[in-house]
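Observations on chain architecture
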Amino acid sequence: MSTVFSSWKNLRRTPYQSLTALMVVITTFFMVFVFSTFLHLGNKILNYFETRPQILVFFKTEVTDEQATAEAELLSKLEQVETVTITGKNDAFISYKEENQDEPLLLELLTPDLFPVSLSVNAKTPEGLSQIRQEIEKLDGIDTVDYRQDVIEEFLGWTNLIRNIGLFTCALFAMQFILVIMVITGMKVASRRRSINIMSILGANRSTIKGTFIRESMWLGLVGSLIAFGLSYLLLWYATPAISGFLGEIQVLPLTWQFLLIQAVAGCLGAVFLAAFSAWLSTTRLIKK
């Protein structure tokens, strides 16, 4: 307990240096928490899309429900196909009427025969989509095919791009974090050179002296990461209505408490480790005896 109080006492003796280091920790791990949250939300969005129909097949209007059913049975026999759902002409007409109840004149001119039969095809694995596409091209009476997997691949491409940019940015902030902690620790060692010499005369070994500065940096890392986590959570809480409104039926929020706990613990441990490592590098270079 005495080491804890002594660490906080030493931090208060150099308020500007400690505040600078604390701000660097907060900035760095705020970026880390925001970036990890984005990746988690992106994975949840991808999981949502992967559970939706991956291929939508629309037949020509002259194709009957019976003919489309026969074609659907051929698709369902494929090993790569998980489910095939048929939307008949009458079902499509009813769905259209429900969506356009405010236009009765338009509905009077429409009949079920004017609507195409459609199929919703789900693959067991993304790897099986290519073979399913080849089989769909062999079906008779196909008008258009909507490959939802193209949307997933495009979204995945953007996610990978943002992930790479985020990783590069976090790496830059981590390097800045290490350098700033090293510089500030070096300044503290220089300002307390007299007390270090006295400790050495009294018999304190180099590890004990280095441990004093390492503990101070570890406390800065812990406090800074906790503040950064709180700020990132407040930002997410503030942005939740806008995100939910933009995503619509894709329910990715709120985040589970398990994810938040893992994120907070991992972030704090990472901050403490980086702070201790930076202080160790600095003290190893400056404290020779």
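Residues numbered from 1 in each chain as written. Predicted model: local features only at pLDDT ≥ 70, side-chain atom pairs only at ≥ 80, totals over all residues. Heavy atoms only, no water.

Another point: the confidence of the model for the protein chain. Model confidence for the protein chain is summarised by a mean pLDDT of 77, while 78% of its residues fall at 70 or above. Within the protein chain, no element has a lower average pLDDT than helix α1 (residues 2-13), which sits at 58, and none a higher one than helix α10 (residues 257-286), at 86. (pLDDT = per-residue confidence, 0-100. Helix = DSSP H or I, 4+ residues; strand = E, 2+ residues; numbered from the N terminus.)

Along the chain, Phe93 turns up in helix α4 (residues 89-99). With relative accessibility at 11%, the residue Phe93 sits in the buried group. Along the chain, Phe93 and Pro116 lie 23 residues apart, while their C-alpha atoms are 9.2 Å from each other. (Buried < 20%, exposed > 50% of the residue type's maximum accessible area, 1.4 Å probe, protein only.)

Take the packing of aromatic side chains next. Under the defined criterion, the tally for this structure stands at five aromatic pairs. On the basis of an interplanar angle of 75 degrees and a centroid distance of 6.0 Å, the ring pair of Phe29 and Phe177 is categorised as edge-to-face. With a gap of 148 residues between them, Phe29 in helix α2 (residues 15-50) and Phe177 in helix α7 (residues 148-191) connect regions that are remote in the sequence. Accessibility classification places Phe29 together with Phe177 in one group, the buried group. (Phe/Tyr/Trp six-rings, centres within 6.5 Å; stacked < 30°, edge-to-face > 60°.)

If you trace the four strands from one edge of the open sheet to the other, you get β2-β3-β1-β4, paired in antiparallel fashion. The open sheet has two edge strands, β2 (81-87) and β4 (142-147), and neither has a second partner. Pairs of neighbouring strands in the sheet enclose a mean axial angle of 15 degrees, with direction left out of account. Contacts between helix α3 (residues 65-76) and the sheet are confined to β1 (55-59), β2 and β3 (118-123), with β2 contributing the most and set at about 170 degrees to the helix. Sitting on the sheet, helix α6 (residues 129-136) touches β1, β2, β3 and β4, and the angle it makes with β1 is about 5 degrees. (Pairing = 2+ DSSP bridges. Axes fitted to C-alpha atoms, helices over the stretch in contact; angles between N-to-C directions. Contact = heavy atoms within 4.5 Å.)

Turning next to the nonpolar core. Ranked by internal contacts, the top residues of the largest apolar core, which has 30 residues, are Phe29, Phe177, Ile250, Val252, Leu253 and Leu255. Secondary structure elements with two or more residues in this core: α2, α7, α9 (206-247) and α10. A per-element tally of this core places α2 first, with ten residues. Judged by nonpolar contacts, the second largest core, of 18 residues, contains Val63, Ala68, Leu75 and Leu119. (Core = buried A, V, L, I, M, F, W, Y, C linked by side-chain atoms within 4.5 Å.)

So, on to α6. Taken together, the buried positions of α6 are Leu129, Ile132 and Ile136. For α6, the arc enclosing every buried residue in end-on projection is 60 degrees, short of the 170-degree limit, so these residues lie on one face. (Arc of directions from axis to C-beta.)

With respect to the element layout, Leu167 can be found in helix α7. According to the relative accessible area criterion, Leu167 is partly exposed, its value standing at 47%. The sequence separation of Leu167 and Ser36 amounts to 131 residues, and the corresponding C-alpha distance is 9.8 Å.

Further remarks concern empty space enclosed by the protein. Here the structure, examined in full by the defined rule, presents one cavity of 30 Å³ or more. Within this model, the largest cavity holds a volume of roughly 30 Å³. Contributing to the lining of the largest cavity are Ala21, Ile181, Ile184, Thr185, Lys188, Ser217 and Leu220. Put simply, the parts of the chain that give the lining of the largest cavity at least two residues each are α7 and α9. Grouping the amino acids of the lining of the largest cavity by side-chain chemistry returns four nonpolar, two polar and one charged. (1 Å grid on protein atoms, 1.4 Å probe; cavity = no way out; pocket = protein on both sides within 12 Å on 5 of 7 lines; lining within 4 Å. Points joined across faces, edges and corners; volume = space filled by probe spheres on them. Nonpolar A, V, L, I, M, F, W, Y, C, P; charged D, E, K, R; others polar.)

It is worth spelling out the environment of Met187 at this point. By the secondary structure assignment, Met187 is in helix α7. For Met187 and Gln17, which are 170 residues apart along the polypeptide, the C-alpha to C-alpha distance reads 8.5 Å.

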